[in-house]
Structures are given as C-alpha cells and as structure tokens.
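Remarks on the overall topology
Okay, here's what each chain looks like letter by letter:
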Amino acid sequence: MTDCLVLVVLALVVGTLAEPNSNLKARVNLSAFKFVSEHSQHVINSEVPKIVLPNITRSFRAGYGTGKVSVHGLNITEFESPKFNFLPTNDGVSWSSEQGAIKLTGKWAAEYRLLAPMWTSGWVNILTSDIRLNVSGKVVALNHRPQIILGDCAADVGFFHIEIGGGIVPWFVNLFRKVTSHAIKTAIRYKACEMSRSLLLAEINDQLLSLPLHLRVWNDFHIDYAVDRNPIFTR
C-alpha cells in the first residue's frame, strides 16, 4: 500500500472515531488526493475509449412536415483525457475535470413525412472538448471500511461540433441537425456522470474494501482499525 493511501485511510479512521468537539484531529496532505487523481486518470485512459454511446432516437418538426431521426453506433475514435482534481469537502470528497477531448463517429437514419414519406441515412462525426465534470461524494462506513457514495453530478462540454453527411439531398440533414446535436450532448453529459459512478467510484471503493484492517504505519508501529460509523469531517 502506498504512503498516500495510508494517509487517506488514517484520516478517515480518525474522523470516524473522534467524537464531536473532540481534540483528536487528522490532516490529509494534498499529495494523497494527487495520488487518487493520478490513479483515476489511469482508469479513465484505459476504459473510456471502450465506451459506446446508446442509440438515440428523436422526433422533429420541420416546416409542414414531421419526422424521426435515429443515431446509432456512436464509437469513440480518439480520446484525450481531461484533468481530474480531487479535494476534501465537509462530507467527504469532490472531484472535477477540465480540458480533454473526444471524437466520435456513428451513423444516422431519418424519416420525413410531408406529402409523401422520405427515408435516407448517412454518417455523423462529432468533436467535443473541455469536458467539465463536477461530482460530490459522501464518505460512509461499510464492512468496517470507508466507502464513497455518489452525491450530485453535473457535466457539460465547453466545445461541441457535429458534422452530418450522406443522405439523398444535402439540405435534408438541416431539418434535424439541432435536435440531433442536443440529444448527443445530453447523452455525453449523462455518460460522463455514469462513468464517474461505474468506473471511478467502483475502482476507488474496491481499493478501499481490499485494505487490511491491520496497517503498518512506520517501522514497528501498527494500527488496528474498524470504521463503525460515518466519518465526521472538518476543514
């Protein structure tokens, strides 16, 4: 176990055992959170390129007609990981991201009905960058060890560009460009928060659950601990 992870665990333990207004306190060095950030970066770089966004179907109205468009097979072709920052909060931890970029490619199919139905299909390319994620996590006790549960999550992208091609006539894609762009941006925001829960939290919590309850701090000094109730944090 790294020294940084020991610091995190000891701080959580002391925070748990200390009664309110107690003189027993612990301080977590920011290098511990830097360690968590770097470890999370490795997980993100490994797992995010494997993600496939779910199929998207939306109805739209254009002129006197109505239609329906579906986008499918949205795969990540290029990925530049955003920078993550982990910081302590009153209830546990928070993490945020900035920068980073994703390129996706997929296919679309659309139907438009005016006097007679029109069906056509084509391709879609997407570039999004400056992926902003703000997540809060509460630290609780589980199986005598600290665990983090997801609190609020907000995600957005600073830059979004979409190219839609193919089809029978070039102007046809303009009928559903706006609704398609909005739907894909929403899917990316949702996937970013889902990623925080399924990838980041799962990885960190698995590491915490695997920790021994008998810790060697230094030389011949050890500590036995058990997290019996949710930690209390002060800043």
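Here we summarise the structure given alongside this text. (Residues numbered from 1 in each chain as written. Predicted model: local features only at pLDDT ≥ 70, side-chain atom pairs only at ≥ 80, totals over all residues. Heavy atoms only, no water.)

This paragraph deals with unusual backbone geometry. One non-glycine residue, Gln99, lies in positive phi territory at about 65°. Among the secondary structure elements, Gln99 is positioned in the loop between β5 (92–98) and β6 (101–113). The class of Gln99 is partly exposed, set by a relative accessible area of 37%. Although it is not a glycine, Asp130 adopts a positive phi angle of roughly 55°. Here Asp130 shows up in strand β7 (residues 117–142). (Helix = DSSP H or I, 4+ residues; strand = E, 2+ residues; numbered from the N terminus. Buried < 20%, exposed > 50% of the residue type's maximum accessible area, 1.4 Å probe, protein only.)

On to the pattern of salt bridges, then. A full pass over the atoms with the stated rule returns 5 salt bridges. Lys103 is the salt-bridge partner of Glu78, the closest N and O atoms lying 3.7 Å from each other. Of this pair, Glu78 sits in strand β3 (residues 65–80) while Lys103 sits in strand β6, and the two are 25 residues apart along the sequence. Glu78 sits in the partly exposed class, given a relative accessible area of 44%. For Asp130, the salt bridge goes to Arg132, with nearest N and O atoms at 3.0 Å. (Salt bridge = Lys/Arg side-chain N within 4 Å of Asp/Glu carboxyl O.)

In this structure, strand β4 (residues 83–88) lies alongside β5, joined through 6 bridges in antiparallel fashion. Looking at β5, one finds that Lys83 is bridged to Glu98. Of the pairings in the sheet, the one linking β5 to β7 comprises 6 bridges and is antiparallel in character. Its bridge partner lying in β7, Trp95 is registered against Val135. (Pairing = 2+ DSSP bridges.)

With that settled, the discussion passes to the side chain of Thr128. By secondary structure assignment, the location of Thr128 is in strand β7. Engagement of the side chain of Thr128 in a polar contact is seen with the backbone oxygen of Phe159, the distance being 3.0 Å. Look past the residues within four positions of Thr128 in its chain and what remains in contact with it is Gly100, Ala101, Ile102, Val157, Phe159, Phe160 and Ile188. (Polar contact = N/O pair within 3.5 Å; in protein donor to acceptor, adjacent residues only side chain to side chain. Contact = heavy atoms within 4.5 Å.)

Let us look at helix α3 (residues 177–209). Given a rise of 1.5 Å per residue, 33 residues ought to cover 48 Å, and the 46 Å separating the end C-alpha atoms of α3 matches this to within 8%. Roughly 35° is the biggest bend found in α3, and it falls at Leu201. (Expected span 1.5 Å × (residues − 1). Bend = angle between axes of the 7 residues up to and from the residue.)

Structurally, Gly137 can be placed in strand β7. Separated by 11 residues in the primary sequence, Gly137 and Ile148 have C-alpha atoms spaced 5.8 Å apart.

Now for the nonpolar core. Grouped together as the largest cluster of nonpolar side chains are 49 residues, with contacts concentrated most on Leu74, Trp95, Trp108, Phe176 and Ile184. Residue contributions to this core peak at 12 residues, all from α3. (Core = buried A, V, L, I, M, F, W, Y, C linked by side-chain atoms within 4.5 Å.)

Turning next to the packing of aromatic side chains. Enumeration according to the criterion identifies 5 aromatic pairs in this entry. An angle of 55° between the planes, with centres 5.0 Å apart, marks the rings of Trp108 and Phe176 as tilted. Of this pair, Trp108 sits in strand β6 while Phe176 sits in the loop between β8 (145–166) and α3, and the two are 68 residues apart along the sequence. Each of the two residues, Trp108 as well as Phe176, counts as buried. (Phe/Tyr/Trp six-rings, centres within 6.5 Å; stacked < 30°, edge-to-face > 60°.)

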